[in-house]
Amino acid sequence: HRQHASTIRAAGHSWVQASGVEGVTSLRLTLSEDADVASRRHTVRLYFCEPADLVRGQRVMDVAIQGQTVLTGFDISATAQPEQRGVVREFHDVAIKDTLDIRLDAVRGTPVLSGVEVLVTD
């Protein structure tokens, strides 16, 4: 999905939430190709926005990072409405060695994701 950033109400990065992918179920980001890299701690921010005119309960998902469920029953339609608000969920102390794995499991509707931000914290 894609829309103009001026239509998104977000604190900060509305340009990130103005686009995204619908129907994504998993995402693997390679942060290092060095096999000897040590695991480090990170903050992971996931950016969301509801691209359709859906109501509460029509797009619900569970989200896992590195195999651990971090959001259960996350209802982006309820959270991002009524005014096309961008939504950020932040997760601290995520151990990542070389790849970050994100899984989005549909409870109802199709998952949607607008962006991922990864910050080293140690």
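Further up the page is the structure itself.
Engineer: Is there a simple way to explain the nonpolar core in this structure?
Structural biologist: For soluble globular proteins, the rule of thumb is that nonpolar side chains tend to be buried together. Counting 19 residues, the largest nonpolar core has Leu 46, Phe 48, Met 61 and Leu 104 as its most contacted members. For this core, the secondary-structure elements that each account for two or more residues are β3 (40–48), β4 (60–65), β5 (68–75), β6 (87–96), β7 (99–108) and β8 (112–113). At four residues, the largest contribution of residues to this core is made by β6. If we ignore the near neighbours within four places in the chain, the residues touching Leu 104 are Val 24, Thr 25, Phe 48, Met 61, Asp 62, Val 63, Pro 111, Val 112 and Leu 113.

Engineer: Looking at this model, I keep getting lost on the environment of Asp 53. Mind explaining?
Structural biologist: Mapped onto the elements of the fold, Asp 53 is located in the loop between β3 and β4. Look at Asp 53 and you get exposed, because its relative accessible area is 73%. Sequence separation between Asp 53 and Ser 77 is 24 residues, and the spatial gap between their C-alpha atoms is 8.2 Å.

Each value, and the rule that gives it
- Residues numbered from 1 in each chain as written.
- Predicted model: local features only at pLDDT ≥ 70, side-chain atom pairs only at ≥ 80, totals over all residues.
- Heavy atoms only, no water.
- Core = buried A, V, L, I, M, F, W, Y, C linked by side-chain atoms within 4.5 Å.
- Buried < 20%, exposed > 50% of the residue type's maximum accessible area, 1.4 Å probe, protein only.
- Helix = DSSP H or I, 4+ residues; strand = E, 2+ residues; numbered from the N terminus.
- Contact = heavy atoms within 4.5 Å.

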